[in-house]
Amino acid sequence: MERLSKNEATEQGLDYYFNESRAAHIVEFFEGWLRHSKGRFAGKPFRPLSWQRKLLEELFGWVRVDNDLRRYRMAYISTATKSGKSTLLAGIGLYLLVADGEIGAEIYGAGSDREQASLVFREAASMVRASPHLSRSLEIIDSRKTIAFRAASSFYRCLSADAFRAEGLNIHGLLFDELHAQRSRQLFDSLRYGGAAREQPLLCSITTAGYDRNSICWEQYSYAKAVAADWRYDPTFFSCIYEADDQDDWIDEETWPKANPSWGVTIDPKDFAIDCREAQLSNTKENSFKRYRLNMWTEADTRWIKNE
């Protein structure tokens, strides 16, 4: 959808417009408040890559014409592995916690189990410790997997499918990491309406492709594809998918960047080529390569018999 000013949207009878200041606000938060905590970028400001910047601007820049509240209530974001998904999700969680203008915000990070749910929390906690601004304002409580923003009576906390209670949650932000790993839809269904009392809640799922066509992830993926084809299908659902198509030649190097928006930055083309050659020689690794490296949905987790 073309970015429209409030006047342009009103003239066209549309309910949503693109607020440049709201879009700039989250980018400025990432660049000015967040620091990388790992690898060669450790300690450096989080300057979003071009695809991350566009994603953040679109997700947070679109607002309602009638009340200037955020347009999007749900988001499905999918790329191949090692594109910086978890780091991006952690940054979004911290923004919702301290910079979204919500007093008493409750931000939850969800995963298939305790370890999965803790991954984004640990990334967010590391960002807080690395940031001079955030470390002064936020308290990290590792034993409770919680980041507290006491000045606003707000917090970020982990939830997992094997240890949660949905009752009483008043969710402002819900972050699902690797939705494909959810063993059932129970956690997702229990939490998805937890923000009904909030003015602009956000449920954000970030994941690589899966293989179970009966899963909540496949359901969300299919819905996101429909929205990507026509935003009018659901104007409140944000869809961002980087993937190789089924008709693409998966061993063709021109295919690879389609699923890897951080190509050449966090993804080394030479290492990628080595992984591809290995997948071609293995009966069991082709599906894994397609799923994790090309973000393609497969028919099974592992392929035992290779077609000739």
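Quick note: structure is the one above.
Read on for a plain summary of the structure.

Side note on the pattern of salt bridges
Alright, step 1. Inspection of the entire model under this criterion finds 22 salt bridges.
Alright, step 2. Measuring nitrogen to oxygen at the nearest pair gives 3.0 Å for the salt bridge that ties aspartate 245 to lysine 258. Separated by 13 residues along the polypeptide, aspartate 245 in the loop between strand S10 (237–241) and helix H9 (269–281) and lysine 258 in the loop between S10 and H9 bring together distant segments of the chain.
Alright, step 3. Residues joined in a network through salt bridges with shared partners are Arg3, Glu31, Arg53, Glu57 and Glu58.

Some remarks on the packing of helix H4 (residues 85–98) against helix H5 (residues 114–130)
Axis angle and axis distance: for two packed helices, these are the angle between their axes and the distance between the axes, and together they describe the pair.
Alright, step 1. In contact at an axis separation of 8 Å, H4 and H5 are set at 65° when each is read in the N-to-C sense. Between H4 and H5, the interaxial angle falls into the category roughly perpendicular. Here H4 and H5 pass one another in a crossing that is right-handed. Contact residues: H4 offers Ser86, Thr87, Leu89, Ala90, Gly91 and Leu94, while H5 offers Val120, Glu123, Ala124, Met127 and Val128.
Alright, step 2. For the contact of H4 with H5, the class distribution of residues is 7 nonpolar, 3 polar and 1 charged.

A look at the packing of aromatic side chains
By convention here, two paired aromatic rings are described through the distance between centres and the angle between planes.
Alright, step 1. Going through the model one piece at a time under the given rule, you end up with 22 aromatic pairs.
Alright, step 2. Their ring planes at 75° and their centres at 5.2 Å tell us that phenylalanine 60 and tyrosine 95 sit as a pair that is edge-to-face. Remark: tyrosine 95 occurs in helix H4 and phenylalanine 60 occurs in helix H3 (residues 50–61); sequence separation between them is 35 residues. Residue phenylalanine 60 shares its accessibility class with tyrosine 95, and that shared class is buried.
Alright, step 3. Stacked on the ring of tyrosine 16, the Lys or Arg arginine 71 has its end atom at 5.0 Å from the ring centre.
Alright, step 4. Above the face of the phenylalanine 155 ring, arginine 157 is positioned so that its terminal group lies 4.1 Å from the ring centre.

Points about the environment of alanine 9
Alright, step 1. Tracing the backbone through its elements, the reader meets alanine 9 in helix H1 (residues 6–11).
Alright, step 2. Exposure remark for alanine 9: the relative accessible area of 0% places this residue in the buried category.
Alright, step 3. Between the alpha carbons of alanine 9 and serine 135 there is a distance of 40 Å; along the sequence they are 126 residues apart.
Alright, step 4. Ignoring any residue separated from it by four or fewer positions in sequence, one finds alanine 9 in contact with Leu4, Leu14, Tyr16, Tyr17 and Val65.

Overview of empty space enclosed by the protein
Alright, step 1. Summed over the entire model, instances satisfying the criterion amount to 1 cavity of 30 Å³ or more.
Alright, step 2. Approximately 30 Å³ is the volume attributed to the largest cavity.
Alright, step 3. For the largest cavity, the full set of lining residues is Leu89, Gly109, Ala110, Gln116, Ala117, Val120, Tyr156, Leu175 and Asp177.
Alright, step 4. Those elements that provide at least two residues to the lining of the largest cavity are strand S4 (106–111), H5 and strand S8 (173–177).
Alright, step 5. Sorting elements by how many residues they give to the lining of the largest cavity places H5 first, with 3 residues.
Alright, step 6. Considering only residue class, the lining of the largest cavity consists of 6 nonpolar, 2 polar and 1 charged.

What about the sheet that holds S10?
Alright, step 1. Strand order in this open sheet of 8 strands is S5-S6-S7-S4-S8-S9-S3-S10, and the pairing throughout is mixed. Both outer strands of the open sheet, strand S5 (139–141) and S10, are each paired with one neighbouring strand and no more. On average, each strand axis in the sheet is inclined to that of its neighbour by 15°, with strand direction left out of account.
Alright, step 2. As defined by bridge partners, strand S3 (residues 74–78) adjoins S10 across 5 bridges and the pair is classed as parallel. Following the sheet pairing, tyrosine 76 is matched in S10 by serine 239.
Alright, step 3. Contacting S3, strand S9 (202–207) and S10, H3 crosses the sheet at an angle of about 170° to S10.
Alright, step 4. Most of the contacts of H5 go to strand S7 (residues 154–160), to which it runs at about 150°, and overall it touches S4, S5, strand S6 (146–149), S7 and S8.

Brief notes about the pairing of S4
Consecutive side chains of a regular strand alternate in pointing toward one face of the sheet and then the other.
Alright, step 1. Taken across its 6 residues, S4 has 6 buried, putting it largely inside the fold.
Alright, step 2. Burial of the side chains of S4 extends over both faces: Glu106, Tyr108 and Ala110 are buried on one face and Ile107, Gly109 and Gly111 on the other.
Alright, step 3. Of the pairings in the sheet, the one linking S4 to S7 comprises 6 bridges and is parallel in character. Looking at S7, one finds that glycine 111 is bridged to serine 160.
Alright, step 4. Pairing between S4 and S8: 4 bridges, direction parallel. Bridging across to S8, tyrosine 108 finds its partner in leucine 174.

Cut-offs and rules
Residues numbered from 1 in each chain as written. Predicted model: local features only at pLDDT ≥ 70, side-chain atom pairs only at ≥ 80, totals over all residues. Heavy atoms only, no water. Salt bridge = Lys/Arg side-chain N within 4 Å of Asp/Glu carboxyl O. Helix = DSSP H or I, 4+ residues; strand = E, 2+ residues; numbered from the N terminus. Axes fitted to C-alpha atoms, helices over the stretch in contact; angles between N-to-C directions. Parallel < 35°, antiparallel > 145°, perpendicular 65-115°, else oblique. Left-handed = near helix turned anticlockwise from the far one by under 90°. Contact = heavy atoms within 4.5 Å. Nonpolar A, V, L, I, M, F, W, Y, C, P; charged D, E, K, R; others polar. Phe/Tyr/Trp six-rings, centres within 6.5 Å; stacked < 30°, edge-to-face > 60°. Buried < 20%, exposed > 50% of the residue type's maximum accessible area, 1.4 Å probe, protein only. Lys NZ or Arg CZ within 6 Å of the ring centre and 35° of its normal. 1 Å grid on protein atoms, 1.4 Å probe; cavity = no way out; pocket = protein on both sides within 12 Å on 5 of 7 lines; lining within 4 Å. Points joined across faces, edges and corners; volume = space filled by probe spheres on them. Pairing = 2+ DSSP bridges.

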